[in-house]
Amino acid sequence: MTRCAPWQGASLRGSGETQELYSIFSRRDSVIGELFFETIPRAGGVGQGPSLTLDLALVVFSISFLFRMIRSFKGIRPTVPSTCYVDESAQIIGDVVLGEHASIWMNAVLRGDVHEIRVGAYSNVQDNSVLHGMKQQWGVYLGEYVTVGHSVTLHGCAIEDRCLIGMGSIILNGARIGAGSIIAAGTLIPEKTMVEPGSLWMGSPGKFRRKLEAADQETILRYAKNYLGYKDEYLKDSGQ
């Protein structure tokens, strides 16, 4: 006999907005539905004849959204410390580990399905950036205090500590960016390129331009610290 989850076909009383949220929720994974209707509702008696209020519907929808944005792949679930901020629109999948106080911003994708992804403590991955490995060859590794600007692609590469990766940059398989370096906006770093620590590279393909000075290193840390501040503000605003 086919087993039905308790929430399937349950009666619903409430506003049109509540019903709309319930309809959205009902299309999600039934595991989440069972989690809600078999555990959370019992304190209020919802499990005996579900009547979903708007507040409860919002809780359900939040749970289902969380399960979609941070999700396991082949039995491996991302590791996200409580000190991190991950935006609701970001996607973190599979073998991904975030360090303490890291932040992942709007529409960023960290796709740990074919190789591991590691993001160091105090680092940030900004809006629309994509991190992905190369199957059985290269993962993606970010050190500490790394800033990855908007719309960056990091594919199978390593970024050492205290680097600034400018907006729209592309860094390809096997490349390594040495500590304390800046990759200028729009730069393409070809496969297996080794960027010496403390360097500025720019262009397409990227070329060495000069060694960085103390003021440049301060700029790198300023960007990282700015995003630590933004992270704390977003966590506070979300009640975490």
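What comes next concerns the included structure.

Conventions used here
- Each residue is numbered by its place in its chain's sequence as written, counting from 1.
- For this predicted model, a pLDDT threshold of at least 70 governs which residues receive local features, and a threshold of 80 or more governs which side-chain atom pairs are given and counted, while totals over whole chains, interfaces and linings are taken from all residues.
- Only hydrogens and water are set aside; all other atoms, that is, all heavy atoms of the structure, feed into the side-chain values.
- Every helix listed is a DSSP run of H or I at least four residues long, and every strand listed is a run of E at least two residues long, numbered separately from the N terminus.
- In this scheme, a residue with accessible area under 20% of its type's maximum is buried, one over 50% is exposed, and one in between is partly exposed, where area comes from a 1.4 Å probe on protein chains only.
- Only strands that DSSP links by at least two bridges are regarded as paired with each other.
- Each salt bridge in this description consists of a side-chain nitrogen of Lys or Arg and a carboxyl oxygen of Asp or Glu lying within 4 Å of one another.

Of the consecutive residues Ser204 and Pro205, the connecting peptide bond is found in the cis state with omega at 5 degrees. Looking at the element boundaries, Pro205 is found in the loop between β18 (199–203) and β19 (206–211). In this structure, Asn107 takes a positive phi of about 65 degrees despite not being glycine. Within the secondary structure, Asn107 is located in the loop between β4 (103–104) and β5 (109–119). A relative accessible area of 42% means that Asn107 is categorised as partly exposed. One non-glycine residue with positive phi stands out, namely Asn128, at about 70 degrees. For Asn128, the location among the structural elements is in the loop between β6 (124–125) and β7 (130–132). Owing to a relative accessible area of 42%, Asn128 belongs among the partly exposed residues under this scheme.

Strand order in this open sheet of eight strands is β2-β4-β6-β9-β12-β15-β18-β19, and the pairing throughout is mixed. This sheet does not close on itself; its edge strands, each paired only once, are β2 (85–86) and β19. The sheet contact formed by strand β9 (residues 147–148) and strand β12 (residues 164–165) spans two bridges and is parallel. Residue Val148 lies in a different strand from β12, and its bridge partner there is Ile165.

This paragraph deals with the pattern of salt bridges. Per the stated rule, a full pass over the model turns up six salt bridges. A salt bridge links Arg111 to Asp113, with the nearest nitrogen and oxygen atoms 2.7 Å apart. Judged by relative accessible area, Arg111 falls into the partly exposed class, the value being 37%. Taking the shortest distance from any N to any O, the salt bridge between Asp216 and Arg210 comes out at 2.9 Å. Judged by relative accessible area, which is 14%, Asp216 ranks as buried. Several salt bridges share partner residues, and in doing so they unite Asp95, Glu116 and Arg118 into one network.

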